[in-house]
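# Observations on chain architecture
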Protein chains: 2
Amino acid sequence: MSGTAEVLDPRVARSRAAVLAATAELLGEVSFVGISVEAISARSGVARTTVYRHWPDPAQLMADALASVITACPEPDTGTLRGDLTVILRELVATLSRSATARLLPPMIFAAEADPAVASLQQSFSRQRRLVVRGALERAVARGEIDADFDFELVVAMSSGSLFYRRLVSREPLTTAYADKVAGAICILLGAP
Amino acid sequence: MSGTAEVLDPRVARSRAAVLAATAELLGEVSFVGISVEAISARSGVARTTVYRHWPDPAQLMADALASVITACPEPDTGTLRGDLTVILRELVATLSRSATARLLPPMIFAAEADPAVASLQQSFSRQRRLVVRGALERAVARGEIDADFDFELVVAMSSGSLFYRRLVSREPLTTAYADKVAGAICILLGAP
């Protein structure tokens, strides 16, 4: 905290508390304004009127722009659950570490709070990845590697979630070795080789 | 995508592609501007000059405001790992579902990208929670419930991470039952009763 020496004066303490409360309130209310059509026009060389004509709704433009850089998750079929999860999670580490998606994830998460088009895009992005993990788990059941009685959504959230957590929450580096440890832990959890 | 019928005209297609690329670039560059001192002054009833005097750096004001609403994670000691994890994860579900922290988490994650003061606050917030989980795991080792050879950071990321994932990425509802399932999965993973 800045200026902590001042808090002994009750009037100053009240002012500070009022400012902090107002700032916290306003932070929770702010919707994503992001970038201006002027900036987009200048960067792209496309006239503002043309931008407005194609995207009367700026939220839809933002959603379309995000969709244009987000890449689909690969669908490996290596023959083992551990192999498939390793490929999927290593790719997620790469995506979260250094791609355009990595850079766009925090503004996307923020924009999704206020903007249904962005929220819907984000959900379809995570749904595609979940289906890939589901495919890997179903093949493992078919091969007899694991039982069919697992909670699918739980496995997805624990595997992908642990990588997103390090990228977004604890802000720790993501590595290939970390992806492999998560894949190994999921195999232990499900009793897979 | 809007206006997909138009992409047959190559000139229109080029314009659209240029706008989408420029928007994606700009979204990745934008830093958090958030809220104005004018708005904070109006909401709090504190003069702008006073706000500037206490917080010459707006980033520090934002960090202090976030710190003022973030609550510390409780430190349960129920006597079992499953009991402790259940309390910790149920509290995280509550925090991520309906508190001031839940509302402020997306702007905080976004702001942390551009702003070291916010990033540092966010890391200290997640560090406190990790220490609580570590305490629960160490007591479980001391009681002989689990072996000491687990990867502590992995367990934290898989447990808390799966809840953050549902809140921020897949945007699915969080429930007490879900917290309990995650606690149960961690116990299976670690071989705890």
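See the structure printed just above.
The rules behind the values
Residues numbered from 1 in each chain as written. Chains lettered and ligands numbered in written order. Predicted model: local features only at pLDDT ≥ 70, side-chain atom pairs only at ≥ 80, totals over all residues. Heavy atoms only, no water. Helix = DSSP H or I, 4+ residues; strand = E, 2+ residues; numbered from the N terminus. Expected span 1.5 Å × (residues − 1). Buried < 20%, exposed > 50% of the residue type's maximum accessible area, 1.4 Å probe, protein only. Least-squares fit on C-alpha atoms with pLDDT ≥ 70 in both. Contact = heavy atoms within 4.5 Å. 1 Å grid on protein atoms, 1.4 Å probe; cavity = no way out; pocket = protein on both sides within 12 Å on 5 of 7 lines; lining within 4 Å. Points joined across faces, edges and corners; volume = space filled by probe spheres on them. Nonpolar A, V, L, I, M, F, W, Y, C, P; charged D, E, K, R; others polar. Axes fitted to C-alpha atoms, helices over the stretch in contact; angles between N-to-C directions. Parallel < 35°, antiparallel > 145°, perpendicular 65-115°, else oblique. Disulfide = S-S within 2.5 Å. Buried area = accessible area lost by both parts, 1.4 Å probe. Salt bridge = Lys/Arg side-chain N within 4 Å of Asp/Glu carboxyl O. Polar contact = N/O pair within 3.5 Å; in protein donor to acceptor, adjacent residues only side chain to side chain.

## Re helix H9 (residues 176–190) of chain A
Along an α-helix, a turn takes 3.6 residues, which lines up residues three or four apart on a common side. Residue and element names in this part refer to chain A. The terminal C-alpha atoms of H9, which comprises 15 residues, lie 21 Å apart, in line with the 21 Å expected from a rise of 1.5 Å per residue. Listed in full, the buried residues belonging to H9 are Tyr178, Ala179, Val182, Ala183, Gly184, Ala185, Ile186, Cys187, Leu189 and Leu190. Looking one or two places after H9, you find glycine 191, whose phi comes out positive at around 70°.

## Details of the relation of the copies chain B and chain A
Each copy of the sequence occupies a distinct position, and chain B is placed on chain A by a rotation of 180° and an axial shift of 0.0 Å, giving an RMSD of 0.1 Å. The symmetry that links the two subunits is that of a two-fold axis. By residue overlap, the copies meet face to face through one surface: 99% of the interface positions of chain B are interface positions in chain A.

## Comments concerning empty space enclosed by the protein
Applying the stated criterion to the full structure yields three cavities of 30 Å³ or more. Within this model, the second largest cavity holds a volume of roughly 40 Å³. What lines the second largest cavity is Tyr165 and Val169 of chain A together with Phe125, Ser126, Arg129 and Phe164 of chain B. Sort the elements by how many residues they give to the lining of the second largest cavity and helix H7 (residues 116–142) of chain B lands first, with three residues. Per-class residue counts for the lining of the second largest cavity are four nonpolar, one polar and one charged.

## Remarks on the packing of helix H8 (residues 152–168) of chain A against helix H8 (residues 152–168) of chain B
At a closest axis distance of 6 Å, the pairing of H8 of chain A and H8 of chain B adopts a crossing angle of 105°. In terms of orientation, H8 of chain A lies roughly perpendicular with respect to H8 of chain B. Across the interface between the two elements, Glu153, Val156, Ala157, Met158, Ser160, Gly161, Ser162, Phe164, Tyr165 and Arg166 of chain A from H8 of chain A touch Glu153, Val156, Ala157, Met158, Ser160, Gly161, Ser162, Phe164, Tyr165 and Arg166 of chain B from H8 of chain B. Taken together, the residues that form the contact of H8 of chain A with H8 of chain B break down as 10 nonpolar, six polar and four charged.

## Things to note about the state of the cysteines
All names here are of chain A. With the rule as written, the count across this model stands at zero disulfides over all chains. The thiol of cysteine 187 is unpaired, and the distance to the nearest cysteine sulfur, on cysteine 73, comes to 16 Å. Owing to a relative accessible area of 0%, cysteine 187 belongs among the buried residues under this scheme.

## Brief notes about the interface of chain B and chain A
Between chain B and chain A, the contact holds 77 residues from the first and 76 residues from the second. Contact between chain B and chain A buries roughly 7,300 Å² in total, counting both sides, with carbon and sulfur atoms accounting for 69%. Put simply, chain B and chain A have six salt bridges between them. A salt bridge links arginine 167 of chain B to glutamate 113 of chain A, with the nearest nitrogen and oxygen atoms 3.1 Å apart. Across the chain B-chain A interface, the total number found is 16 residue pairs in polar contact (both at pLDDT 80 or more). Of all the secondary-structure elements, those providing two or more residues to the side of chain B that touches chain A are helix H1 (10–29), helix H2 (37–44), helix H3 (48–54), helix H4 (58–69), helix H6 (100–114), H7, H8 and helix H9 (176–190) of chain B. A total of 14 residues in the side of chain B that touches chain A trace back to one element, the largest contributor, which is H1 of chain B. Of the residues belonging to the side of chain B that touches chain A, the class tally is 44 nonpolar, 16 polar and 17 charged.

Read these as layout, nothing more, since geometry by itself doesn't imply function.
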